[in-house]
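# Survey of secondary and tertiary structure
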Amino acid sequence: MDSLLVRRVLHNCEQRYLTPETQGRIYRYIATEEVPLEITERAIQEAVSLGAMKNSAVEAPLFEAIVDALLDDRSFEIPGSPSEKMYPSSCWIC
């Protein structure tokens, strides 16, 4: 993977419900791989769902709490489809 550049692009719906600081943390997690990609994706889904329910953007501390909860409970499954299917224009670019 060293020679392959992989980048995650947040869908505009994801951007709407995630503060810029939260988006920065997401990109940092992806770039540094300090959080497994599967956990990051699940956390994005949860945060966007919460943001949509409360009709406001999710702040970075709440996003980090979601990540921590997912890391603590690896058996956690989000019902439904992955974010790529939920938000078709969010994508990974190689």
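Model, not experiment: these values are computed from the prediction. (Residues numbered from 1 in each chain as written. Predicted model: local features only at pLDDT ≥ 70, side-chain atom pairs only at ≥ 80, totals over all residues. Heavy atoms only, no water.)

Evaluation of the coordinates by the stated rule reveals one aromatic pair. Relative to Phe63, the ring of Tyr29 has its centre 6.3 Å away and its plane inclined at 25°; by these criteria the two rings are stacked. Here the residue Tyr29 occupies a position in helix α2 (residues 20-32), and Phe63 occupies one in helix α4 (residues 60-72), the gap between them amounting to 34 residues. Across the pair, exposure class does not vary: Tyr29 and Phe63 are buried alike. (Phe/Tyr/Trp six-rings, centres within 6.5 Å; stacked < 30°, edge-to-face > 60°. Helix = DSSP H or I, 4+ residues; strand = E, 2+ residues; numbered from the N terminus. Buried < 20%, exposed > 50% of the residue type's maximum accessible area, 1.4 Å probe, protein only.)

With that settled, the discussion passes to the packing of α2 against α4. Each pair of packed helices can be described by the angle between their axes along with the distance between the axes. As a packed pair, α2 and α4 sit with axes 8 Å apart at the nearest point and diverge in direction by 40°. As judged from the angle between their axes, α2 and α4 are oblique. In contact with Glu21, Thr22, Arg25, Ile26 and Tyr29 of α2, α4 contributes Ala60, Phe63, Glu64 and Val67. Of the residues assigned to the contact of α2 with α4, the class counts are five nonpolar, one polar and three charged. (Axes fitted to C-alpha atoms, helices over the stretch in contact; angles between N-to-C directions. Parallel < 35°, antiparallel > 145°, perpendicular 65-115°, else oblique. Contact = heavy atoms within 4.5 Å. Nonpolar A, V, L, I, M, F, W, Y, C, P; charged D, E, K, R; others polar.)

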